[in-house]
Amino acid sequence: MSYLKQINKICYTNHLRKSVRYSHAQQIKEVPRRLIDKVLIANRGEIACRVMRTAKKLGVRTVAVYSDADKNAMHVEMADEAYHIGPAPSTQSYLNAAKILEVAKRSNSKAIHPGYGFLSENVEFCEKCANEGVIFIGPPPTAIRDMGIKSTSKAIMSAAGVPIVKGYHGEEQSIERLQAEASRIGFPLMIKAVRGGGGKGMRIAMTEEDFLPQLESAKRESLKSFGDDNMLLEQYITDPRHVEVQVFADMHENVVHLFERDCSVQRRHQKIIEEAPAPGLSEETRKALGQAAVRAARAVGYVGAGTVEFILHRRTHEFHFMEMNTRLQVEHPITEMITGTDLVEWQLRIAAGEPLPLIQDEIIRRGHAVECRIYAEEPRAGFLPRAGTLHRLTQPIPESNVRVETGVREGQEVSVHYDPMIAKLVVWGRDRTEALAKTRAKLSEYQVAGLETNVNFLLRLSGSSAFVEGDVHTAFIPQHEHELFPKSDTELSECRAVQAALGHLLTAQKQSLPNDSWKGINVKSQSWRPNYQLHKTVPLRFEETDINVTIEYGRTPNAYRVQVDNGAWLDVEASLQESQQGLRLVSLIGDQISNVGLLYYDQQVHVYDENGQTVVELPRPKYQAASGADAAANANNASSPTPGVLERVLVNNGDKQS
């Protein structure tokens, strides 16, 4: 540790031990200081790692909790101490409030940071922390309760002068009343779980005929997810923008905003790419958004980090309050990038009783930042999540303007029990054009094998013409489906087939040289032999299509003649090179030189370039294929396209199916 860091650590620790009167410009009352020298992070994955980095910077010791599935997780390795809290399912581990509080007491943790998700917006947990004398790093229970119940939050916001969407937020929940209110509001209509979040318990009824089936579906999902099936109804604004404002408040009644973020582009009602500031807004609109968010925070006596979310009309930029998330958001790093702040540090300092580090006029917005969420999921299959082992995970190298926030390493698992996020890529640029260009460059550096990811999709999304122009909205993905899911993705180009076949062949030679022998004499494949032309056929499969690539070895090093199926013969030069990010294939095909990443794993060749990843299968030889008996047995097996839990079986033993 450097001398300067040691001094900062000593000064901060001493600072937390004292109760002093602050001279902050907006301070209006004295608040006793609270010692935070050890914090338990009641979460997992990248957010737990994120909180730990700041805590360690401030000299605060960290305590991790982990389930059976996370014994070897990154957040466990990073913590000063770690405690097992139960089986893999989150209901038996990360949502076990009693167990987490028990660990906090055992470890002598002064505070609990809930991260986001899990217990971060749980009123009962917040109250239990207070009863046990443990600091909850977040808002007071009253604020969580008021903002967690959407009908209550709408009434509070309306009284505070924050614009809200026309709707029904009443307590009468009979089907007849809800149907009558739906007719009054008009269609299309948004049905939302009162205690919902993350897109759960949310449905859209486009017509009156849709209403009852969608209501029943929303109620069922809400009851399962939140233990409550009360609903609110709102006018559905077609293709709106989703804009949110980061707010912070302290115990001295100071409240500020740190500008807005645009989170409009979503799949399954969940964010996938975010940016700050929101593109295309006037300074007048930005100011009005910030002021409305501050009014919202003041209306509930807020303390700590919060996000006020607004629905914004795509054309007029008129906005309405949607909800307030009473926690740190997944996308908080882009706000940090444009304001030069550390929001986790702000959380810790405010929880200790300090005033806000900056007043509103001191918070300056600089440049533009973009965050991409890297998920293990299959975009072409409706973004279904994937679970399994990350056999290869190469990520961009962090720089001053590039952050990679992750909680997994190569060789670790993306568990079926938790969110399938692999990492968050956060990039800053002097303006939006530069930020998007850097984002695409860094996305192309991802190399993942073992699980499909959304990296290719994010590359196309961030480079699509409408997105680059800033014409973003919540229906962006379905509206631009043809550009985001091009037909070319299902076809293997001749160039890529050549690269995959040569890459496989050269990798095999590299791993098993010498690979050609006769009576114990080893002969390299490119050794010259009279009256003999060495050639090999590499069978490939791409999107259920079989392709044969024939390769003839030339008479000079790295020279080949290659034919794809029955096409023309191509003169090719190719060689492998080692790099910091793994193997590279450098090839000259025709008059074009290319340098692509290469990985061979489990009968697959992965080729990586600026357009993302192409995965080409190598069909197993017949002698390795499943036996006829196995194939027959598998014919009657049912499989799910994504991991899940079987909830109901709709037949009984003895039932006959026609």
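Thresholds, definitions, all that
Every chain's residues receive numbers from 1 upward, in the order its sequence appears when written. Reporting in this predicted model follows two pLDDT cut-offs: at least 70 for local features of residues, and 80 or more for side-chain atom pairs to be given and counted; totals over whole chains, interfaces and linings ignore these cut-offs and use all residues. Water and hydrogen atoms play no part in the side-chain values, which are based on all heavy atoms of the structure. When DSSP locates at least two bridges between a pair of strands, those strands are taken to pair. Only DSSP runs of H or I covering at least 4 residues are called helices, and only runs of E covering at least 2 are called strands; the numbering of each starts at the N terminus. Counted as salt bridges are all cases of a side-chain nitrogen of Lys or Arg within 4 Å of a carboxyl oxygen of Asp or Glu. A simple rule labels every residue: compare its accessible area, found with a 1.4 Å probe on the protein chains alone, to the largest value its type can have, and call it buried under 20%, exposed over 50%, or partly exposed in between. Between rings of Phe, Tyr and Trp, where Trp is taken as its six-membered ring, a pair exists when centres lie within 6.5 Å; planes separated by under 30 degrees are stacked, by over 60 edge-to-face, and by other angles tilted. We call a charge positioned above a ring when the Lys NZ or Arg CZ atom is no farther than 6 Å from the ring centre and deviates by at most 35 degrees from the ring normal. The directions considered for the arc run from the helix axis to the C-beta atoms. Working rule for contacts: check all heavy atoms of both residues, and any pair within 4.5 Å makes them a contact. The nonpolar core is taken to be a set of buried Ala, Val, Leu, Ile, Met, Phe, Trp, Tyr and Cys residues, with the residues joined through side-chain atoms within 4.5 Å. Here pLDDT means the predictor's own confidence in every residue, given as a number from 0 to 100. Candidates for patches are residues over 30% relative accessible area with no salt bridge; among them, like charges are joined within 9 Å and nonpolar side chains (Val, Leu, Ile, Met, Phe, Trp, Tyr) within 5 Å. Surface exposure here means Shrake-Rupley accessible area, sampled with a 1.4 Å probe, where a residue is shielded only by the protein chains that are shown. Charge assignment: positive for Lys and Arg, negative for Asp and Glu; neither His nor the chain ends contribute. Every charge is mapped to an atom, namely NZ of Lys, CZ of Arg, CG of Asp or CD of Glu. Pairs of N or O atoms within 3.5 Å make up the polar contacts considered here, provided that, within protein, one atom can donate a hydrogen while the other can accept it, and that residues adjacent in sequence are counted only when both atoms are side-chain atoms. Here the expected span of a helix is defined as 1.5 Å times the quantity of residues minus one.

### Points about the sheet that holds strand β9 (residues 231-235)
Spatially, the four strands line up as an open sheet ordered β6-β9-β7-β8, and their pairing is antiparallel. Among the strands making up the open sheet, the edge pair consists of β6 (167-168) and β8 (200-205). With five bridges joining them, strand β7 (residues 189-197) and β8 adopt antiparallel strand pairing. Each bridged residue has a counterpart across the sheet, and for G197 the counterpart in β8 is K200.

### With respect to the pattern of salt bridges
Enumeration according to the criterion identifies 56 salt bridges in this entry. One salt bridge connects E331 with R373, and the closest N-O pair in it is separated by 2.9 Å. With E331 in the loop between β16 (319-325) and α11 (332-339) and R373 in strand β17 (residues 368-375), the pair connects residues that are 42 residues apart, well separated along the chain. Each member of the pair, E331 as well as R373, is classed as buried. Between R380 and D489 there is a salt bridge whose closest N-O contact spans 3.8 Å. Of this pair, R380 sits in the loop between β18 (377-378) and β19 (384-385) while D489 sits in the loop between α17 (481-484) and α18 (494-512), and the two are 109 residues apart along the sequence. Residues participating in the shared-partner salt-bridge network are R33, R50, R53, K57, E336, D342, E345, R349, E354, R403 and E405.

### Considering the packing of aromatic side chains
As enumerated under the stated definition, the model contains eleven aromatic pairs in all. When the ring of F248 is compared with that of W346, the centres are 5.2 Å apart and the planes differ by 75°; the resulting orientation is edge-to-face. Residue F248 is located in strand β10 (residues 241-249), and its partner W346 is located in helix α12 (residues 343-351); the two are separated by 98 residues in the primary sequence. By relative accessible area, F248 is classed as buried at 0%. In this structure W346 comes out as buried when scored by relative accessible area, which is 4%. Every member of this aromatic cluster is reached through a ring pair, and the members are Y94, F118 and Y418. One Lys or Arg, R267, reaches over the ring of Y375 and ends 4.6 Å from the middle of that ring. A cation over an aromatic ring shows up here: R432 above the ring of F467, its NZ or CZ 5.2 Å from the ring centre.

### A word on the pairing of strand β24 (residues 421-429)
Counting buried positions along β24 gives nine out of nine residues, so the element sits mostly inside the fold. With eight bridges joining them, β17 and β24 adopt antiparallel strand pairing. Residue pairing for β24: I374 is matched across the bridge by A423. In terms of strand pairing, strand β22 (residues 402-406) meets β24 through five bridges, oriented antiparallel.

### Thoughts on helix α7 (residues 150-159)
Residue pairs three or four apart in sequence face the same way in an α-helix, which turns once every 3.6 residues. Every buried residue of α7 is listed here: K150, S151, S153, K154 and M157. Buried residues of α7, seen end-on, are gathered within an arc of 160° and therefore sit on one face of the element. Its buried side turned inward, α7 meets α6 (141-148), β7, β9, α10 (283-299) and β16.

### Quick word on the pairing of strand β11 (residues 255-262)
Of all eight residues that make up β11, eight are buried, and the element is covered over most of its length. Here β10 pairs with β11 via six bridges, running antiparallel. Along β11, the bridge assignment pairs E244 with R261. Counting the residues in the hairpin turn of β10 and β11 gives five residues, including E253, whose phi is positive at 70°.

### Quick notes on the sheet that holds strand β3 (residues 81-86)
One open sheet accounts for five strands, arranged β3-β2-β1-β4-β5; its pairing is parallel. Bordering the open sheet on either side are β3 and β5 (135-136), each of which pairs with just one other strand. Two elements, strand β1 (residues 38-41) and strand β2 (residues 61-67), share four bridges in a ladder whose sense is parallel. Paired with L40 across the strands is V63, a residue of β2.

### Structural notes on the nonpolar core
Counting 42 residues, the largest nonpolar core has I36, V39, F248, V256, L258 and W346 as the members making the most contacts within it. Elements with a minimum of two residues in this core: β1, α2 (45-57), β11, α11, α12, β17 and β24. Residue contributions to this core peak at six residues, all from α12. Apart from the residues within four sequence positions on either side, W346 is in contact with F248, V256, L258, T341, L356, P357, L358 and I363.

### Here we look at the confidence of the model for the protein
Predicted confidence across the protein gives a mean pLDDT of 89, with 88% of residues reaching 70 or more. Low pLDDT, under 50, characterises residues 1-28; the stretch is placed with 47 contacts to residues that sit more than four places away or in other chains. A low-confidence stretch, residues 514-523 stays under pLDDT 50, and its non-local contacts, those more than four residues away or across chains, total ten contacts.

### With respect to a negative patch on the surface
On the surface, a cluster of negative charge is made up of E452, E543, E544 and E617. For E452, the location among the structural elements is in the loop between β25 (447-449) and α14 (455-463).

### Section: the side chain of D70
In this structure, D70 sits in the loop between β2 and α3 (74-78). When its relative accessible area of 4% is taken as the criterion, D70 is described as buried. Separated by 2.7 Å, the side chains of D70 and R44 make a polar contact. Apart from the residues within four sequence positions on either side, D70 is in contact with R44, H75, V76, Y94 and Y418.

### Structural notes on helix α13 (residues 432-443)
In this model α13 runs 16 Å from its N-terminal to its C-terminal C-alpha over twelve residues, within 8% of the 16 Å that 1.5 Å per residue would give. Every buried residue of α13 is accounted for by R432, E434, A435, L436, T439, K442 and L443. Residues of α13 that are buried make contact with β14 (273-276), β17, β22, β24, α14 and α15 (465-468). Looking at where α13 begins, the residue whose side-chain oxygen comes 3.3 Å from the main-chain nitrogen of T433 is D431.

### A look at unusual backbone geometry
Look at the link from F187 to P188: it is a cis peptide, with omega at 5°. Within the fold, P188 resides in the loop between α8 (175-185) and β7. Backbone torsion omega between A276 and P277 reads -5°, so that peptide bond is classified as cis. Counting through the fold element by element, P277 comes out in the loop between β14 and α10. We note that E543 has phi near 50°; this positive angle belongs to a residue other than glycine. Structurally, the position occupied by E543 is in the loop between β28 (535-542) and β29 (545-553). Note on E543: relative accessible area 48%, which makes it partly exposed.

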